[in-house]
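Here is how the chains run, residue by residue.
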Amino acid sequence: MPRAVTLIRSTSLSDVAEYAYAATAPAEARLVFLAGACPLNEDGSTAAVGDYAGQAAKAFENMRTALTDAGASLEDVISTRVLVASSRQEDLVAAWGVVQAGFGDHDAPSTLLGVTVLGYYDQLVEIEAVAAVLDA
């Protein structure tokens, strides 16, 4: 299946970023805007309490499910925003490492943010995404 997303790597900017600096999709692409994927189990409880990497893994799993339900896949993601409830860079890096590994070579543009608090009790990580799909 042809993909709508084209990742753009700038040769004018630093190459230390672990993601493409920009991405495009053609006008005929259907955009899918995902709510922030949270580290919630099916029963509504928070997964991996106190564990940034564990919560990132559960949030990533839930994001992948939402993408599938919308007729999209990880390769259709055009951008992400990863929210981490911490002011410590190492906590942000722990969450980012899980997200980065999950996407593999599809390193869509992303923003990693440390925030004060997230919406669910014991929640440490949330992942927002936008995808672009070419429907057959």
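Please read these numbers as outputs of a predicted model, since none were measured by experiment.

(A) Inspection of empty space enclosed by the protein at higher detail. The full count for this structure, using the stated rule, is one cavity of 30 Å³ or more. If you add up the space inside the largest cavity, you get close to 80 Å³. Lining of the largest cavity is provided by Glu18, Tyr19, Thr80, Trp96, Val99, Gln100, Phe103, Gly104, His106, Asp107, Ala108 and Ser110. When the residues that make up the lining of the largest cavity are grouped by side-chain class, the tally is five nonpolar, five polar and two charged.

(B) The arrangement of the packing of aromatic side chains in detail. A complete count under the given rule lists three aromatic pairs for this structure. With 6.3 Å between their ring centres and 70° between their planes, Tyr19 and Tyr21 make a pair best called edge-to-face. Judged by its relative accessible area of 27%, Tyr19 is partly exposed. Pairing Tyr19 with Trp96 gives two aromatic rings, centres 6.1 Å apart and planes at 85°, and the pair type is edge-to-face. Here Tyr19, found in the loop between β1 (6-8) and β2 (22-24), pairs with Trp96, found in helix α2 (residues 89-103); they are 77 residues apart in sequence, far enough to count as distant. We classify Trp96 as buried; its relative accessible area is 11%. Among the aromatic residues, those joined into a ring-pair cluster are Tyr19, Tyr21 and Trp96.

(C) Local environment of the side chain of Ser73. Counting through the fold element by element, Ser73 comes out in the loop between α1 (52-69) and β4 (77-85). Given the relative accessible area of 19%, Ser73 is considered buried. Within the structure, the side chain of Ser73 is placed 3.0 Å from the side chain of Glu75, a separation counted as a polar contact. When sequence neighbours within four positions are dropped, the list of residues in contact with Ser73 reads Arg3 and Leu67.

The rules behind each value
Residues numbered from 1 in each chain as written. Predicted model: local features only at pLDDT ≥ 70, side-chain atom pairs only at ≥ 80, totals over all residues. Heavy atoms only, no water. 1 Å grid on protein atoms, 1.4 Å probe; cavity = no way out; pocket = protein on both sides within 12 Å on 5 of 7 lines; lining within 4 Å. Points joined across faces, edges and corners; volume = space filled by probe spheres on them. Nonpolar A, V, L, I, M, F, W, Y, C, P; charged D, E, K, R; others polar. Phe/Tyr/Trp six-rings, centres within 6.5 Å; stacked < 30°, edge-to-face > 60°. Buried < 20%, exposed > 50% of the residue type's maximum accessible area, 1.4 Å probe, protein only. Helix = DSSP H or I, 4+ residues; strand = E, 2+ residues; numbered from the N terminus. Polar contact = N/O pair within 3.5 Å; in protein donor to acceptor, adjacent residues only side chain to side chain. Contact = heavy atoms within 4.5 Å.

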